[in-house]
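Examining the three-dimensional arrangement
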Amino acid sequence: MMESTFLAASVLIVLIFGLLASGIWVSVTLLVVGMAMMQFFTSAPMGSLIASTLWDSSWGWALTSLPLFIWMGEILFRSNLSADMFRGLSSWVGRLPGGLLHVNVLGCGVMAAITGSSAVTCATIGRMSVPELDRRGYPKALTIGTLAGSGTLGLLIPPSIIMIVYGVTAEQSIAHLFIGGILPGLLLIGLFMAYTGVSSILRGDSMPARDAVTRFRDKLIALRSLLPAVGLIVFVIGSIYGGFATPTEAAAVGVLGALLLSALGRALTWASFIEGVMSAVRTSCMISFIIATAACLSIAVAFVDLPRELAQWVNGLGLSPYVLLTVLAALILVMGCFLEGISIIVLTSSVMLPMVETAGINLVWFGIFLVILIEAAQITPPVGFNLFVLQGVTGENILTIAKAAFPFFLLLLVLLVIITIFPDLVLGLPRLMS
């Protein structure tokens, strides 16, 4: 690597971590570092390039689906969905090994498909299930662990907000990313439920008695209130997979459907409508600002020629794709100890994606690989965001929560190994779409 490029890379790292450590917003940090890199290491006209890049990256059509999916989740989040979900699922899983702990896993899976957010998924299901599971005498460690692990499904099961960010950043099809996450997401739910069942059998003495047998007719009645919301999600994702709608069009239909369901459930008031709109606006603006400023940093490091130099250097090492993925996975997990997922994607994409492309790795597959890594980072201390969410829900200290979440962290790594060995689990459905 050339000496000037090495100096630029060193300055880049020091500036980013120095500004982040000082408490400056991620978006402001990205913009300042991009401007500094362009000013001191290139002869390009910094002012005009930064201005045009901010504009060009703020109006992309692919970004239109972002606020719509966020708004859909906010509407349903403020409905009676969480209570309906607990009633609907508990009668189906009460007799399984692990009992109502499976409500955490399945409930998070359903909520993930509604909100697209890991933190919202974890908080919503946690507020509903923790008091009930504590009252029935379920082991605290398994209650917390299933919530911490399953809460991460909000990133993997479509419509995922972080997949939209990755798709825009990596210039990949958001529809393909959404569909590519379905099978790994279902497999992860299966892994979590299997571990919960085995753990409950091994801890038989500390588990409460299983629920009484529920008649099939009563199960269907209990599930009835949950079907409209699940049907809406199936329709939204199915319309994308079937090619009937783009992600943006499907998101618009999803918003209309969510408003209708909320109104029919008598949960839609003027106050809740305004609250949902404002929450969606705040979240969307935050993410869009990060994406725009990340584009400024990306163009700056491109002018410095850092991605090409680094890709050539890595290529010269002769690393196999598996070794490269292992190195990148370790890097992402370390970064995940200090940063949240969207920041990780926008900070690393300009350098990491050229290396991945050079190694011949499919970028849609790598997007799912990256999302699973960020899921794992959500439950690693000291800054695993789901850990803090659960600390607020349960009142337990962060180390207790991290210890309970550790087995589920390992299951996420198992999923990474599985999709690496069987990449068609990710690429099969997108290939059928094409």
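Located above this text is the structure these notes cover.
What comes next is a walk through the structure. Worth saying up front: this structure is predicted, and the values here are computed from it rather than measured.

What follows is about the overall build of the protein. On a plain count of helices and strands, the protein comes out with 23 helices and zero strands. Rg of the C-alpha trace for the protein: 22 Å, near the compact-globule value of 22 Å for 434 residues, within the 12% margin. Projected onto its principal axes, the C-alpha coordinates of the protein cover approximately 75 × 45 × 45 Å. Burial statistics for the protein: of 434 residues in total, 54% are counted as buried. Once local pairs closer than 6 in sequence are excluded, the contacts in the protein between residues at least 24 apart make up 79%. Taking the average location of the 18 positive side-chain charges in the protein and that of its 19 negative ones, the two points are 18 Å from each other.

Now for unusual backbone geometry. Of note, the bond from Pro158 into Pro159 is cis; its omega dihedral lies within 30 degrees of zero at 0°. Note on placement: Pro159 falls in the loop between α9 (153–156) and α10 (161–170). Notably, Glu171 is not glycine yet its phi reads approximately 55°, a positive angle. Summarising the element assignment, Glu171 is placed in the loop between α10 and α11 (174–180).

Next up on the list: the packing of aromatic side chains. On inspection of all chains with the given rule, the structure shows eight aromatic pairs. Judged by centre distance (5.2 Å) and plane angle (80°), the rings of Tyr195 and Phe408 are edge-to-face. Linking Tyr195 in helix α12 (residues 182–202) with Phe408 in helix α22 (residues 398–421), this pair joins segments that are 213 residues apart in sequence. Note on Trp365 and Phe369: the rings are 5.2 Å apart at their centroids and 20° apart in plane angle, and the pair reads as stacked. Pair noted here: Trp365 and Phe369 are both in helix α20 (residues 363–377), with a separation of four residues, about one helical turn. Of the two residues, Trp365 and Phe369, both sit in the buried class. Joined through ring pairs, the aromatic side chains of Trp71, Trp270 and Phe273 make up one cluster.

Quick look at the environment of Ile421 now. Following the sequence through the fold, Ile421 ends up in helix α22. Put simply, Ile421 and Ile144 are 277 residues apart on the chain and 30 Å apart in space, counted from C-alpha to C-alpha.

Once that is clear, we can look at the nonpolar core. Among the nonpolar cores identified, the biggest contains 142 residues, and Tyr166, Trp365, Phe366 and Phe369 are the most heavily contacted of them. Per-element accounting of this core gives the leading share, 12 residues, to α20. Once you skip the residues sitting within four places of it in the chain, Phe369 turns out to touch Leu325, Ala329, Leu416, Ile419 and Thr420.

Next up on the list: the environment of Thr293. Assignment of secondary structure puts Thr293 in helix α16 (residues 270–304). Residue contacts for Thr293: discarding those within four places in its chain leaves Ser27, Leu30, Leu31 and Leu54.

Side chains of Ile24, Trp25, Val28, Val32 and Phe289 sit close together on the surface and give an oily, nonpolar patch of about 460 Å² of accessible area. Locating Val28 in the fold gives a position in helix α2 (residues 26–41).

Within the sequence span of helix α3 (residues 46–56), burial applies to Met46, Leu49, Ile50 and Thr53. All buried residues of α3 fall inside an arc of 95° around its axis, so they share one side. Looking at the buried residues of α3, the elements they touch are α2 and α16.

Attention shifts here to the side chain of Ser262. Tracing the backbone through its elements, the reader meets Ser262 in helix α15 (residues 247–264). When sequence neighbours within four positions are dropped, the list of residues in contact with Ser262 reads Ile75, Ser79, Ala267 and Leu268.

Running from amino to carboxyl end, α16 crosses helix α19 (residues 341–358) at an angle of 20°, the nearest separation of the two axes being 8 Å. Here α16 lies roughly parallel to α19, going by the angle between them. Taken as a pair, α16 and α19 cross one another with a handedness that is right-handed. On α19, the residues touching Ile287, Ile290, Ala294, Leu297, Ser298 and Val301 of α16 are Ile342, Val346, Leu347 and Ser350. Counted by class, the contact of α16 with α19 contains eight nonpolar, two polar and no charged residues.

In this structure the tally under the stated criterion is zero disulfides. Distance from the sulfur of Cys285, which forms no disulfide, to the nearest cysteine sulfur (Cys296) is 17 Å.

Turning next to the pattern of salt bridges. Applying the stated criterion to the full structure yields two salt bridges. Across the pair Lys140 and Asp134 runs a salt bridge, and its minimum N-O distance is 2.7 Å. Two residues, Arg431 and Asp424, come together in a salt bridge whose shortest N-O distance is 3.1 Å. Looking at Asp424, the relative accessible area reads 47%, which means it is partly exposed.

Here we take up the environment of Leu429. Inspection of the secondary structure assignment puts Leu429 in helix α23 (residues 424–433). A sequence separation of 250 residues divides Leu429 from Ile179, and the C-alpha atoms of the two residues are 6.4 Å apart.

This paragraph deals with α15. The first and last C-alpha atoms of α15 sit 25 Å apart over 18 residues, in line with the 26 Å expected at 1.5 Å per residue. Its buried side turned inward, α15 meets α4 (65–77), α11, α14 (227–241) and α16. Phi turns positive one or two residues past the end of α15, at Arg266, with a value near 60°.

So, on to the packing of α12 against α22. Between α12 and α22, the least distance of the axes is 10 Å, while the angle of their chain directions is 140°. In terms of orientation, α12 and α22 fall into the oblique class. Judged by the sense of rotation from one axis to the other, the crossing of α12 with α22 is right-handed. Where α12 abuts α22, its residues Pro184, Leu187, Leu188, Leu191, Phe192, Tyr195 and Thr196 lie against Pro407, Phe408, Leu411, Leu412, Leu415, Ile418 and Ile419. Counted by class, the contact of α12 with α22 contains 13 nonpolar, one polar and no charged residues.

What counts, and where the lines are drawn
- Residues numbered from 1 in each chain as written.
- Predicted model: local features only at pLDDT ≥ 70, side-chain atom pairs only at ≥ 80, totals over all residues.
- Heavy atoms only, no water.
- Helix = DSSP H or I, 4+ residues; strand = E, 2+ residues; numbered from the N terminus.
- Rg over C-alpha atoms; globule rule 2.2 N^0.38 Å.
- Buried < 20%, exposed > 50% of the residue type's maximum accessible area, 1.4 Å probe, protein only.
- Contact = heavy atoms within 4.5 Å.
- Lys, Arg positive; Asp, Glu negative; His and termini not counted.
- Charge placed at Lys NZ, Arg CZ, Asp CG, Glu CD.
- Phe/Tyr/Trp six-rings, centres within 6.5 Å; stacked < 30°, edge-to-face > 60°.
- Core = buried A, V, L, I, M, F, W, Y, C linked by side-chain atoms within 4.5 Å.
- Patch = residues over 30% accessible without salt bridge, like charges linked within 9 Å, V, L, I, M, F, W, Y side chains within 5 Å.
- Areas by Shrake-Rupley, 256 points an atom, 1.4 Å probe, with all protein chains shown as cover.
- Salt bridge = Lys/Arg side-chain N within 4 Å of Asp/Glu carboxyl O.
- Arc of directions from axis to C-beta.
- Axes fitted to C-alpha atoms, helices over the stretch in contact; angles between N-to-C directions.
- Parallel < 35°, antiparallel > 145°, perpendicular 65-115°, else oblique.
- Left-handed = near helix turned anticlockwise from the far one by under 90°.
- Nonpolar A, V, L, I, M, F, W, Y, C, P; charged D, E, K, R; others polar.
- Disulfide = S-S within 2.5 Å.
- Expected span 1.5 Å × (residues − 1).

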